[in-house]
Amino acid sequence: MSAYALRAPVENRPVPFFDLKPQQARLRHDIDRRVAKVMDHGQFILGPEVQELEQQLEEFSHVKHVIGVSSGRDALIMALMAMGVGAGDAVLVPAFTFSATAAVVIAVGATPIFVDVDATTYNLAPEGIAGAVASARARGLTPKAVMPVDLFGLPADYEAIGLEAEAHGLKVIADAAQSFGGRGAGAFVGALAPISCVSFYPTKPLGAFGDGGAVLTNEDDLAEQVRQIRTHGRQGDGDEAMRIGMTGRLDTIQAAVLLSKLSVFKAELNRRAEIAALYRERLAGVCGLPPADHPHRSAWALYTVRVPNRDAVRAALAERQIGTALFYRVPLHKHPAFASVLSGDEDLRVSESLSHQVLSLPMWPDLSDEDAHQVADALIEVMRAG
Ligand SMILES: Cc1ncc(COP(=O)(O)O)c(C=O)c1O
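Conventions and cut-offs
Residues numbered from 1 in each chain as written. Predicted model: local features only at pLDDT ≥ 70, side-chain atom pairs only at ≥ 80, totals over all residues. Heavy atoms only, no water. Domains from an automatic or database assignment. Buried area = accessible area lost by both parts, 1.4 Å probe. Salt bridge = Lys/Arg side-chain N within 4 Å of Asp/Glu carboxyl O. Polar contact = N/O pair within 3.5 Å; in protein donor to acceptor, adjacent residues only side chain to side chain. Helix = DSSP H or I, 4+ residues; strand = E, 2+ residues; numbered from the N terminus. Nonpolar A, V, L, I, M, F, W, Y, C, P; charged D, E, K, R; others polar. Near = heavy atom within 4 Å. Areas by Shrake-Rupley, 256 points an atom, 1.4 Å probe, with all protein chains shown as cover. Pairing = 2+ DSSP bridges. Buried < 20%, exposed > 50% of the residue type's maximum accessible area, 1.4 Å probe, protein only. Contact = heavy atoms within 4.5 Å. Axes fitted to C-alpha atoms, helices over the stretch in contact; angles between N-to-C directions. Parallel < 35°, antiparallel > 145°, perpendicular 65-115°, else oblique. Left-handed = near helix turned anticlockwise from the far one by under 90°. Core = buried A, V, L, I, M, F, W, Y, C linked by side-chain atoms within 4.5 Å. Right-handed = clockwise from strand over helix to strand, strands pointing away.

Draft legend 1. Representation of the domain arrangement of the chain. Along its sequence, the chain is carved into domain 1 (25-262) and domain 2 (264-385). Each of domain 1 and domain 2 has a C-alpha centre, and these two points are 24 Å apart. When domain 1 packs against domain 2, the two sides together hide about 3400 Å² of surface, and 64% of this comes from carbon and sulfur. Interface area lost by domain 1 to domain 2 is led by F96, F114 and F152, which between them contribute 21%. Inspection of the domain 1/domain 2 interface yields two salt bridges. Where domain 1 packs against domain 2, one counts 19 residue pairs in polar contact (both at pLDDT 80 or more). Here the side of domain 1 that touches domain 2 takes four residues from strand β3 (residues 111-115), the largest share from any one element. A breakdown of the residues in the side of domain 1 that touches domain 2 according to their chemical character gives 25 nonpolar, 13 polar and seven charged.

In structure tokens form, the structure reads like this:
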């Protein structure tokens, strides 16, 4: 179907931005069975399901170590701690992302340095790294790491970022909270950086029924450190704290839920990719679209388009009962929480302009073609009306 073409009128029904109930209905029997098993054996902390999940995730992502942890945010904190990031250090983060990406840097005593994003991928622009490193040094900070985010599920450009990081002596920590299941150049998310952090927040592509996350790495030493940090700094069954740690474990019940969700995850990723392809075909020329799914493969956590007069477009879609959401309407350097870490000379114009234009459309694995067409029809109609 060509751009701007509307289909023959069909009976319109509301399309919610997100709906996990159909997925739960598909999996309910299996999840009930697995959760009941946890209640029967009673090992609520680091029970066998956690290990089983970690193994299955290692196989899925072709990564040597997966460590199940309490949330995506805690995964990032543990990765920063294992990498030895602390007071006096600077960590480069994109300015267009969820607030946790920068908050974790402050939580370990370091300073986030905001880097602008690429206008096409919305991910950290590698060409911004050199300037951010210089700015950190000018402020008396030690540039220690760069933390790209795989925004909306699309892996960042780890090849270019890796080269820049090497040139400036930075460690790379992937904030892969939104991208588990995606693929970058030659590897799956989890193996694109020395250490990667995933979120299992319920609305993520692989979501639990509560908070959860994972740290992924191929490096034995980093894995051992993260394992210690997640259990109060203890080594194995030992009583001594070998280092400062935290209560950072993934709950056994959440692991049981995730094992069930993982059994259908590949099919769900394929379905998300189909919906993205349908949107792409229908909306080409209508509004700004995310890059096509090649050569990197997005996990399509969100399908986010760019439109002028975004708030009016959103209101007009709401009138047509199409649910949308805004990720993110405030770039990080405009959050009050980060005012004290700004240098004052930030130039983050792509992040700022995106924050006024982005609009996320319905994207969930049980969204039907009919629903996706309805979203496209409504958006085309609204954009035509101007
Ligand atoms: C980019 C990014 N980083 C970190 C997080 C934090 O993950 P969690 O909510 O599991 O703590 C999120 C969650 O939405 C995120 O989107």
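Having seen the model, we can carry on.
Draft legend 2. Main features of the site of the ligand. By nearness alone, 17 residues border the ligand, and G72, D175, Q178, S199 and K204 come closest of all. The backbone of R73 places a nitrogen or oxygen atom 2.9 Å from an oxygen atom of the ligand. One nitrogen or oxygen atom from the side chain of D175 is found 2.8 Å from a nitrogen atom belonging to the ligand. Coverage of the ligand by the protein chains reaches 91% of its 390 Å² of free accessible surface.

Draft legend 3. A look at the pairing of strand β4 (residues 142-146). As paired strands, strand β2 (residues 89-94) and β4 are joined by four bridges and run parallel to one another. Bridge assignment links L92 to a residue of β4, and that residue is V146.

Draft legend 4. Summary view of the side chain of S199. Position of S199 among the secondary structure elements: in strand β8 (residues 195-199). Using a relative accessible area of 9% as the deciding quantity, one classes S199 as buried. Among the polar contacts listed, one links the side chain of S199 to the backbone nitrogen of Y201, at a separation of 3.0 Å. Contact partners of S199, with chain neighbours within four places excluded, come to G72, A176, A177, K204, L206, G212 and G213.

Draft legend 5. Spotlight on the packing of helix α3 (residues 72-82) against helix α4 (residues 100-107). Following both chains from N to C, one finds α3 and α4 inclined at 45°, their axes separated by 9 Å at the closest point. Looking at the two axes, α3 sits oblique to α4. As α3 packs across α4, the resulting crossing turns out to be right-handed. Of the residues in α4, those in contact with R73, L76, I77 and L80 of α3 are V104, V105 and A107. A breakdown of the residues in the contact of α3 with α4 according to their chemical character gives six nonpolar, no polar and one charged.

Draft legend 6. A look at the packing of helix α2 (residues 48-61) against helix α8 (residues 252-262). Running from N to C, α2 and α8 point in directions that differ by 35°, and their axes come no closer than 8 Å. Along this stretch, α2 crosses α8, giving a crossing that reads as left-handed. Residues E49, V50, E52, L53, Q56, L57 and F60 of α2 form the contact with α8, whose participating residues are T252, A255, A256, L258, L259 and L262. Of the residues assigned to the contact of α2 with α8, the class counts are nine nonpolar, two polar and two charged.

Draft legend 7. Layout of the pattern of salt bridges. Scanning all chains against the criterion turns up 17 salt bridges. Across the pair D369 and R271 runs a salt bridge whose closest N-O atoms are separated by 2.9 Å. Of this pair, D369 sits in helix α12 (residues 369-385) while R271 sits in helix α9 (residues 265-283); the two residues are 98 residues apart in sequence, bridging distant segments of the chain. Put simply, D311 and R310 hold a salt bridge, and the shortest N to O gap is 2.7 Å. Given a relative accessible area of 5%, R310 falls into the buried group. What you see here is one network of salt bridges that share partners, running through R26, E268 and D366.

Draft legend 8. Quick peek at the nonpolar core. Counting 44 residues, the largest nonpolar core has L92 and V146 as its most contacted members. When we break this core down by domain, the ones giving at least three residues each are domain 1 (25-262) and domain 2 (264-385). Residues in contact with L92, not counting those within four places in the same chain, are I113, V115, I129, A132, V133, A145, V146, M147 and L170. M83, A95, A223 and F338 belong to the second largest nonpolar core, which has 35 residues in total.

Draft legend 9. Up close: the pairing of β3. Here β3 lies mainly inside the structure; five of its five residues are buried. In β3, alternate side chains face the same way, and those of T111, I113 and V115 on one face and P112 and F114 on the other are all buried. The pairing of β2 with β3 spans five bridges and is parallel. Bridge pairing in β3 links V93 to F114. For the crossover that starts at β2, traverses α4 and ends in the parallel β3, the hand is right-handed.

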